[in-house]
Amino acid sequence: MVAPTSPADIASLWQATSVARPAFGSLASDHAFDVAIIGGGYTGLSTARYLAKSGLSPVVLEAQRIGWGASGRNGGVVSGKFRIGFKDIAARHGIDTARRMHALGMEAIEHVGQLIEELGMEGADYRPSGSLRCAHNPHTLDVLKSEAAWLRETLGDRGVSMLDAGAVAEETGARGFAGGMLNHHGGVIHPLNFVRGLAAGLKAQGIALFESTPVVRVGREGAGIVAETPAGRITARQLVIATNSYSDLTPATAPVRKAIIPFRSAMIATEPLAGTPAAGLLSTGRSYTETRRMMRWFRKSGDRLLYGGRGAFGKTDTESAFAALEKAMRRQFPALAGVKVTHRWSGLVAMTLDSLPHLGRLDDRVVYALGYNGTGVALASGIGRHVAALVAGSQPDLGLLTRQPLASIPFYGLREPAVRLVAGWYQFLDAIGR
Ligand SMILES: Cc1cc2nc3c(=O)[nH]c(=O)nc-3n(C[C@H](O)[C@H](O)[C@H](O)COP(=O)(O)OP(=O)(O)OC[C@H]3O[C@@H](n4cnc5c(N)ncnc54)[C@H](O)[C@@H]3O)c2cc1C
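What counts, and where the lines are drawn
- Residues numbered from 1 in each chain as written.
- Predicted model: local features only at pLDDT ≥ 70, side-chain atom pairs only at ≥ 80, totals over all residues.
- Heavy atoms only, no water.
- Pairing = 2+ DSSP bridges.
- Helix = DSSP H or I, 4+ residues; strand = E, 2+ residues; numbered from the N terminus.
- Axes fitted to C-alpha atoms, helices over the stretch in contact; angles between N-to-C directions.
- Contact = heavy atoms within 4.5 Å.
- Left-handed = near helix turned anticlockwise from the far one by under 90°.
- Nonpolar A, V, L, I, M, F, W, Y, C, P; charged D, E, K, R; others polar.
- Core = buried A, V, L, I, M, F, W, Y, C linked by side-chain atoms within 4.5 Å.
- Buried < 20%, exposed > 50% of the residue type's maximum accessible area, 1.4 Å probe, protein only.
- Phe/Tyr/Trp six-rings, centres within 6.5 Å; stacked < 30°, edge-to-face > 60°.
- Lys NZ or Arg CZ within 6 Å of the ring centre and 35° of its normal.
- Salt bridge = Lys/Arg side-chain N within 4 Å of Asp/Glu carboxyl O.

Participant: Looking at this structure, I do not really get the sheet that holds strand S13 (residues 238-241). What am I missing?
Facilitator: Backbone-to-backbone hydrogen bonds pair the strands of a sheet. The strands run either parallel or antiparallel. The strand order S9-S3-S2-S13-S20-S19 describes an open sheet built from six strands, whose pairing is mixed. At either margin of the open sheet sits one strand with a lone partner, and together these are strand S9 (208-210) and strand S19 (358-361). The mean inter-strand angle of the sheet, taken between neighbouring strand axes irrespective of direction, is 15 degrees. Of the pairings in the sheet, the one linking S13 to strand S20 (residues 366-370) comprises three bridges and is parallel in character. Bridged to Ile241 within S20 is Tyr368. Along the sheet, helix H2 (residues 42-53) makes contact with strand S2 (35-38), strand S3 (58-61), S9, S13 and S20, crossing S3 at roughly 170 degrees. Across the sheet, helix H11 (residues 384-391) is in contact with S2, S13, S19 and S20; its angle to S19 comes to roughly 15 degrees.

Laid out in structure tokens, this is it:
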């Protein structure tokens with residue numbers, strides 16, 4: 001059944017600072033379309049956009065509200081990276097594959113800017129300010145140095161450079177980093193306004209979208225498929241599953257559910273920093289990540305500091321997990337003493353067995369695009385081009401995304417204790433500096 005979470009919105013900073021929500025009705029009768037899309041996040045909306053461009057009639061079916069999933073709650077870091085570094089990809093799969101994946105990331109970033117301009121999304125507040133990866137010890141700094149050199153020399157990527165410890169301290173105001181790798185590609189965005197802007201653009205084009213419309217069952221009928229919802233049926237020639245980390249809300253997405261490990265990721269935001277000793281923090285407007293396994297990351301939005309991390313978060317949010325995140329933030333930024341935390345929220349990141357997103361076909365009628373492993377803002381919001389091509393019968397080349405099969409997680413029933421075990425182990429390794 002649909003998760004008991006109310007479609008009433010997540011109490012995030014993004015909700016508190018969002019543009020008006022484009023409203024959509026729920027499905028109340030039967031309809032026919034060329035393609036039914038399950039999921040109203042970046043992936044589903046992007047897919048609808050490109051299917052409509054190709055002359056097909058798509059419909060987006062969203063169980064809750066547009067952007068209710070990760071697309072409306074994420075950190076808004078626009079990046080062309082994957083969870084696996086390009087150097088590792090080259091070592092495991094060859095240099096041509098690494099080049100293709102790198103190009104894919106760059107295209108995805110470029111597409112974000114084009115989309116915002118095309119749809120006139122002012123609220124998206126996109127700042128192409130780049131990102132800085134901060135090394136938490138000398139060993140990880142060496143790894144970053146070698147990665148930056150490889151990216152420049154082998155892939156010809158001139159958008160990366162190194163900063164020493166002093167420069168990182170000056171730029172971040174944070175303690176204890178050994179140095180960092182500056183990446184000029186990408187930047188930061190208001191993620192909820194971005195997904196709402198995308199939906200508003202579809203609405204203006206007359207593309208069909210239904211909220212509060214969970215697909216509860218999918219079946220095959222004649223030469224097509226049928227998607228059943230509580231108050232109406234959609235018949236279509238093809239179906240696209242775009243439910244990423246929320247693929248277990250109903251049995252309709254059961255065929256992909258076991259390929260995804262949902263991993264909770266949480267964020268906190270401070271009150272505006274003007275007039276406090278922390279007013280000058282993170283003035284470049286970049287996003288920052290750490291090299292720890294249980295990564296913490298931070299950025300500014302408006303005049304507030306946002307701090308996020310994965311870690312001691314289980315199936316639901318807990319007071320103690322948020323308290324641990326806040327403690328880590330205050331330890332890193334002593335200037336925040338006395339500054340209040342005003343917003344706390346979380347969402348699910350979709351991990352896959354090979355740490356990569358996947359685009360492919362389950363059968364002749366069902367396509368999926370999911371598994372972004374926490375880096376889907378740029379990629380998912382533009383992936384519709386490739387999904388539409390796949391639906392139309394071509395074979396898009398997205399490197400490992402299309403070449404590797406979507407594998408099910410072995411011992412899926414044990415995923416929750418396993419995630420906790422792995423998280424605990426990573427925290428231990430981070431704590432002892434390994
Ligand atoms: C806390 C957090 C921080 C993150 N930070 C970043 C970041 O800074 N940068 C970055 O690149 N990535 C980040 N990510 C990842 C990024 O948000 C996702 O990769 C991206 O939003 C995926 O978009 P999507 O459309 O595929 O999925 P979602 O936006 O999750 O959309 C899936 C939708 O499917 C709907 N659905 C599920 N089942 C059904 C059903 N049966 N019927 C109808 N609808 C259904 C859900 O309600 C949901 O709205 C973060 C994720 C989280 C959770």
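Having put the structure on the table, let's press on.
Participant: Could you clarify how one ought to interpret the packing of helix H3 (residues 86-93) against helix H4 (residues 95-119) in this entry?
Facilitator: To characterise two packed helices, one gives the angle between the axes of the helices and the distance between these axes. With their axes 7 Å apart at the nearest point, H3 and H4 run at an angle of 145 degrees to one another. For the element pair H3 and H4, the recorded crossing hand is right-handed. Residues Phe86, Ile89, Ala90 and His93 of H3 form the contact with H4, whose own contacting residues are Ile95, Thr97, Ala98, Met101 and His102. Classifying every residue of the contact of H3 with H4 gives six nonpolar, three polar and no charged.

Participant: In this structure, what is going on with the nonpolar core? I would like to understand it.
Facilitator: Note on soluble globular proteins: their nonpolar side chains tend to be buried together. Judged by nonpolar contacts, the single largest core of 70 residues is most densely connected at Leu45 and Phe194. When near neighbours in sequence (up to four residues on either side) are disregarded, Phe194 contacts Tyr42, Val112, Leu115, Ile116, Met121, Ala124, Ile189, Val377 and Ser381.

Participant: Explanation requested: the packing of aromatic side chains in the structure shown.
Facilitator: Two aromatic rings, taken as a pair, are described by how far apart their centres are and by the angle between their planes. Taken as a whole and judged by the stated rule, the model has eight aromatic pairs. Pairing Trp14 with Trp345 gives two aromatic rings, centres 6.3 Å apart and planes at 75 degrees, and the pair type is edge-to-face. Of this pair, Trp14 sits in helix H1 (residues 13-16) while Trp345 sits in strand S18 (residues 341-351), and the two are 331 residues apart along the sequence. Pair check on accessibility: Trp14 and Trp345 agree, each one buried. Here the aromatic rings of Phe82 and Phe86 are separated by 6.1 Å at their centres, their planes lie at 90 degrees, and the arrangement is edge-to-face. Across the ring face of Trp68, the terminal group of Arg73 is positioned such that the distance to the ring centre comes to 4.8 Å. The ring centre of Phe24 lies 4.9 Å from the NZ or CZ of Lys203, which sits over that ring.

Participant: Explain the environment of Asp34 to me, please; I cannot follow it from the model alone.
Facilitator: Tracing the backbone through its elements, the reader meets Asp34 in the loop between strand S1 (31-32) and S2. Through-space distance from the C-alpha of Asp34 to that of Leu281 is 50 Å; in sequence the pair is 247 residues apart. The contacts of Asp34, once residues within four sequence positions are left out, are Leu56, Ser57, Ala236, Arg237 and Gln238.

Participant: Would you take a moment to explain the pattern of salt bridges for this structure?
Facilitator: Opposite charge on two side chains allows them to pair when their charged atoms are near. Evaluation of the coordinates by the stated rule reveals 17 salt bridges. A salt bridge links Arg233 to Glu228; its shortest N-O distance comes to 3.9 Å. Note on Arg233: relative accessible area 29%, which makes it partly exposed. Where salt bridges share partners, they join Arg217, Glu221, Glu228 and Arg233 into one cluster.

Participant: When you look at the pairing of strand S14 (residues 261-270) in this model, what are you seeing that I'm missing?
Facilitator: Strand residues, when the strand is regular, have side chains that alternate between the two faces of the sheet. S14 sits mainly inside the fold: nine of its 10 residues count as buried. Note that S14 and S18 share 10 bridges and pair antiparallel. Among the inter-strand pairings, Arg264 is bridged to a residue of S18, identified as Leu348. Relative to strand S17 (residues 304-310), S14 is paired through five bridges, and the arrangement is antiparallel. Looking at S17, one finds that Ala266 is bridged to Gly309.

Participant: It is not clear to me how the sheet that holds strand S12 (residues 232-236) should be interpreted in this structure. Could you clarify?
Facilitator: In space, the four strands of this open sheet follow the order S1-S12-S11-S10, with mixed pairing throughout. Each of the sheet's edge strands pairs with one partner strand only, and the pair in question is S1 and strand S10 (217-221). When S1 meets S12, the two strands line up parallel, connected through two bridges. Its bridge partner being in S12, Ala32 is matched across the sheet by Thr235.

From the geometry alone we can't say anything about function, so treat these as descriptive.
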